[in-house]
Amino acid sequence: MSWHQGTLVGFDLETTGTDVEHDRIVTAALVRLDPDGTVAEQRTWLLDPGVAIPEQASAIHGIGTDHAREHGARAASAVEEIAHVVADVLRSGIPLVVMNARYDLSLLDRECRRYGLPSVEERVGEVPSPVIDPLVIDKHVDKYRKGKRALQALCDHYGVTLDGAHDAAADAVAAVRVVRRMGERHRPVGTLPPAELHALQIRAAAEQSASLQAYLRRTTDPAAVVEPSWPVIPRGR
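Structural notes, computed from the coordinates. Since this is a predicted model, take the numbers as computed values, not measurements.

**A look at the nonpolar core**
Step number 1: Phe 11, Leu 30, Val 86, Leu 96 and Leu 108 are the most contacted members of the largest nonpolar core, which totals 68 residues.
Step number 2: Examining the composition of this core, we find that 11 residues originate from one element, helix α8 (residues 168-185), more than from any other.
Step number 3: Residues within four places of Leu 96 in sequence aside, it is in contact with Val 9, Phe 11, Leu 30, Val 86, Val 89, Leu 90, Leu 105, Pro 130, Val 131 and Ile 132.
Step number 4: Formed by 5 residues, the second largest nonpolar core is a distinct cluster that contains Ile 53, Ala 57, Ile 63 and Ala 68.

Quick look at the structure:
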């Protein structure tokens, strides 16, 4: 049975910003979808990130500072729970689907460091795997397609309904349904075992980063650097 025909788990974060070194988790969701596409299990978290949530971020995910402080869990305890359940999924061998995994998994890694907690990598004893990233796969199988490749754009392209964009649970479900469609449509990736698909994405992400870096150097910012590592940016960079 191909990976896209089996159980998949989607993971998504909504955060205070886009900097993995300094921004914080506001909401998180882990959703398991059965082979028939139904949601079998769902866990969600609302955190008090311990810092003010910028208005730009609140405008995207709808969570303001006051709401997070009143209703959110203590960040350290919630990050521990999130890292624990993500590690459990990876240890089980079920593929973890994460849209733009390099961002979400790196930010989770930095949150673990911030609170002195074992990272997901430390919990599983290796780099998180198998991970499936719709963004990396789409750029690999359809690299010359023009237009946006954000989750909503991928949903539109692959015929997946996304209700409640930027709600962590809704985004996690949509990401899983998008990669199922990718697996059905693109047999060269749909027929790979999860471990081989993970390895392909490491190579593809490196190629995509190199191409973007070359483009930036030719155009907007000669000093721009794009992190090539996937699915987690190493600490200390």
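Now that the structure has been shown, we can carry on.
**Some details on the sheet that holds strand β4 (residues 73-74)**
Step number 1: Taken in spatial order, the 6 strands line up as β4-β3-β2-β1-β5-β6 in an open sheet, and their pairing is mixed. Of all strands in the sheet, those with a lone pairing partner are β4 and β6 (131-132), marking the two edges.
Step number 2: Where strand β2 (residues 25-33) meets strand β3 (residues 39-48), 7 bridges bridge the pair, whose relative direction is antiparallel. Across the sheet, residue Ala 29 finds its bridge partner in β3, namely Thr 44.
Step number 3: Its contacts with the sheet place helix α4 (residues 101-114) against β1 (8-15), β2, β5 (96-97) and β6, and it is angled at close to 70° to β1.

**What about the pairing of β2?**
Step number 1: Here β2 lies mainly inside the structure; 8 of its 9 residues are buried.
Step number 2: Alignment of β1 against β2, held across 8 bridges, turns out to be antiparallel. When the sheet's bridge partners are listed, Thr 15 is paired in β2 with Ile 25.
Step number 3: In textbook terms, the turn of a hairpin is the stretch between consecutive antiparallel strands, and for β2 and β3 this stretch comprises 5 residues, one of which, Gly 37, has a positive phi near 95°.

**Considering the side chain of Asp 138**
Step number 1: In this fold, Asp 138 is placed in helix α6 (residues 134-141).
Step number 2: A residue is classified by how much of its surface remains accessible, and Asp 138, at 0% relative accessible area, is buried.
Step number 3: Polar side-chain contacts of Asp 138 include one of 2.7 Å to the side chain of Arg 149.

**Structural notes on the environment of Lys 143**
Step number 1: Within the secondary structure, Lys 143 is located in the loop between α6 and α7 (151-158).
Step number 2: The exposure class of Lys 143 is exposed, given its relative accessible area of 51%.
Step number 3: It is 9.1 Å that separates the C-alpha atoms of Lys 143 and Gln 208, two residues lying 65 residues apart in sequence.
Step number 4: If near-sequence neighbours (up to four positions away) are discounted, Lys 143 is found in contact with Asp 138 and Arg 149.

**A few points about unusual backbone geometry**
Step number 1: Cis geometry is found at the peptide bond from Ser 129 to Pro 130, where omega equals 0°.
Step number 2: Omega for the bond connecting Trp 230 with Pro 231 falls within 30 degrees of zero, at 5°, which places this linkage in the cis form.
Step number 3: Tracing the backbone shows Pro 231 in the segment after α10 (194-218).
Step number 4: Phi at Asn 100 is positive, roughly 55°, even though this residue is not glycine.
Step number 5: Tracing the chain through its elements places Asn 100 in the loop between β5 and α4.
Step number 6: Of note in the backbone geometry, His 166 takes a positive phi value of approximately 75° without being a glycine.
Step number 7: Here His 166 is to be found in the loop between α7 and α8.

Parameters and conventions
Residues numbered from 1 in each chain as written. Predicted model: local features only at pLDDT ≥ 70, side-chain atom pairs only at ≥ 80, totals over all residues. Heavy atoms only, no water. Core = buried A, V, L, I, M, F, W, Y, C linked by side-chain atoms within 4.5 Å. Buried < 20%, exposed > 50% of the residue type's maximum accessible area, 1.4 Å probe, protein only. Helix = DSSP H or I, 4+ residues; strand = E, 2+ residues; numbered from the N terminus. Contact = heavy atoms within 4.5 Å. Pairing = 2+ DSSP bridges. Axes fitted to C-alpha atoms, helices over the stretch in contact; angles between N-to-C directions. Polar contact = N/O pair within 3.5 Å; in protein donor to acceptor, adjacent residues only side chain to side chain.

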